[in-house]
Amino acid sequence: MFSLGSWMPGLPGLAWGWALLDALLQGLVGACAISVLCSLLKVYLYIQCVNNPERQAEKEAIAAQRPLLEPLHVLVLTGVLALVGSRVAALVVLEFSLRAVSTILSLGKGTHSSQLYLLCQYSLGCGVSCGLSFLLDGAPHRSWNLALAAGLAGLLALHARRLARHVCSLYELHSRARYCGVCILLLATGHGILRLLRNALALTFAVADLAAVELINRDFLSTGEAVRFWTPLTICYTLLVIYMQEESRQSTGRGLVFRTVVVRMGGLFILLLAVGRWTDILHVFVSLLGELWCLLRSGVLLESCWKQ
């Protein structure tokens, strides 16, 4: 595997330093993807609230979110995604994919749940990280490729954040006066934001699932080892999905979401105690912090989704 460090003289610890740089760049791309998702959902939910006079309190709550906290949010997620190993990240991606398919099938044809887009935040970051690990494995100048990806992702996240700030400040005025081209476009096509996100997330998780399976299978030397890992994993994830479906029918709200996160990570922790490594156990705790951080940061948007 060649990266920026392959051009430098061999010094003790230098390879570890370039590996850390690659992990941080990879985590930054995943954090920017989460930022873009939240910004576009914020735009969608704000437009829905503007069009409904009964949801003015929600509109004010969405607009009152502090944009200055967004860089801190991206910074924390970058560190979390850089610390999480590819093995646990792959397991998080596979678990969410199974849960998302189950949720979509239970909703029925023609319906959607905007809450699912917010619940996938951390899994999206892990999916982007897994996809980059798989696609850039063995690539010449890996670090340069990751730096370019991080730069493009950062620009995209910056423009999405500016769009959200513009909409929350001026959308009502501009849409009434037919003054701003961006607001007029959102007035006509704003309802299509969820469809755009659905297609983008479907493509991202399709690549991430393939990458996750490959990253996990890479650690096995024989078919027997793979079977001993995948069998309890499949049983554990199936039971988790059944449990969460029953919980969602009986209760809703923020308590359910946080309880679900703890149950999911607890199940993954017990599974890895049996078939994982000690580093996997540490990464599960890091993943729990990442999930909780994403949910706490998007609490206002989650409340709006539940009321919707």
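Residues numbered from 1 in each chain as written. Predicted model: local features only at pLDDT ≥ 70, side-chain atom pairs only at ≥ 80, totals over all residues. Heavy atoms only, no water.

S.K.: Break down the overall build of the chain for me, citing the residues and quoting the values.
M.R.: Helix and strand content of the chain: 13 helices and 0 strands. Start at the N end of the chain and walk to the C end: the helices and strands fall as α-α-α-α-α-α-α-α-α-α-α-α-α. Looking at the chain as a whole, 48% of its 308 residues qualify as buried. Of all intrachain contacts in the chain linking residues separated by at least 6 positions in sequence, the fraction that spans at least 24 positions is 79%. (Helix = DSSP H or I, 4+ residues; strand = E, 2+ residues; numbered from the N terminus. Buried < 20%, exposed > 50% of the residue type's maximum accessible area, 1.4 Å probe, protein only. Contact = heavy atoms within 4.5 Å.)

S.K.: Explain the nonpolar core to me, using residue names and the numbers behind them.
M.R.: Formed by 90 residues in total, the largest nonpolar core has its most connected members in Leu-37, Leu-91, Tyr-122, Tyr-171, Tyr-237, Leu-268 and Leu-272. No other element matches helix H1 (residues 14-50), which puts 17 residues into this core. Excluding residues within four positions of it along the chain, Tyr-237 makes contact with Leu-91, Val-92, Leu-94, Glu-95, Leu-98 and Leu-268. (Core = buried A, V, L, I, M, F, W, Y, C linked by side-chain atoms within 4.5 Å.)

S.K.: Tell me about the packing of helix H7 (residues 142-177) against helix H8 (residues 181-189), residues and numbers included.
M.R.: Two measures define how a pair of helices packs: the angle their axes make with one another and the distance between the axes. Contact geometry of H7 with H8 gives a least axis separation of 9 Å together with a crossing angle of 85 degrees. Classified by the interaxial angle, the pair formed by H7 and H8 is roughly perpendicular. Contacts between H7 and H8 involve Leu-163, His-166, Val-167, Leu-170, Tyr-171, His-174 and Ser-175 from the former and Val-182, Cys-183, Leu-186 and Leu-187 from the latter. In terms of residue class, the contact of H7 with H8 is built from 8 nonpolar, 3 polar and no charged. (Axes fitted to C-alpha atoms, helices over the stretch in contact; angles between N-to-C directions. Parallel < 35°, antiparallel > 145°, perpendicular 65-115°, else oblique. Nonpolar A, V, L, I, M, F, W, Y, C, P; charged D, E, K, R; others polar.)

S.K.: Would you mind going over the packing of helix H2 (residues 56-63) against helix H13 (residues 299-307) in detail, with residue names and values included?
M.R.: In contact at an axis separation of 9 Å, H2 and H13 are set at 160 degrees when each is read in the N-to-C sense. Taken together, the axes of H2 and H13 lie roughly antiparallel to each other. Helix-helix and strand crossings are classified by hand; for H2 and H13 the assignment is left-handed. Contacts from Glu-58, Ala-61 and Ile-62 of H2 reach H13 at Val-300, Leu-301, Ser-304 and Lys-307. Partitioning the contact of H2 with H13 into residue classes produces 4 nonpolar, 1 polar and 2 charged. (Left-handed = near helix turned anticlockwise from the far one by under 90°.)

S.K.: For the pattern of salt bridges, give the residues involved together with the corresponding values.
M.R.: Inspection of the entire model under this criterion finds 6 salt bridges. Linking Arg-142 and Asp-22 is a salt bridge whose minimum nitrogen-to-oxygen distance equals 3.7 Å. One end of the pair, Arg-142, is in helix H7; the other, Asp-22, is in helix H1, with 120 residues separating them in the sequence. When its relative accessible area of 8% is taken as the criterion, Arg-142 is described as buried. (Salt bridge = Lys/Arg side-chain N within 4 Å of Asp/Glu carboxyl O.)

S.K.: Tell me about the side chain of Ser-287, and name the residues and values.
M.R.: By the secondary structure assignment, Ser-287 is in helix H12 (residues 278-297). Of the polar contacts made by the side chain of Ser-287, one reaches the side chain of Tyr-122; its length is 3.0 Å. If we skip the residues at most four places from it in the chain, Ser-287 touches Val-84, Val-88, Val-92, Tyr-122 and Met-265. (Polar contact = N/O pair within 3.5 Å; in protein donor to acceptor, adjacent residues only side chain to side chain.)

S.K.: Residues and numbers for the UniProt feature "transmembrane region" (unreviewed entry) in the chain, please.
M.R.: The UniProt entry lists residues 74-96, 116-136, 142-158, 179-197, 227-244 and 256-275 under the feature "transmembrane region" (unreviewed entry), expressed in the numbering used here. For the annotated span residues 74-96, helix accounts for 91% and strand for 0% of the residues, and the straight-line distance between the end C-alpha atoms is 21 Å. What you have in residues 179-197 is 74% helix and 0% strand, and the ends, taken at the C-alpha atoms, are 27 Å apart. (UniProt positions renumbered as here; feature names shortened; annotations may be inferred.)

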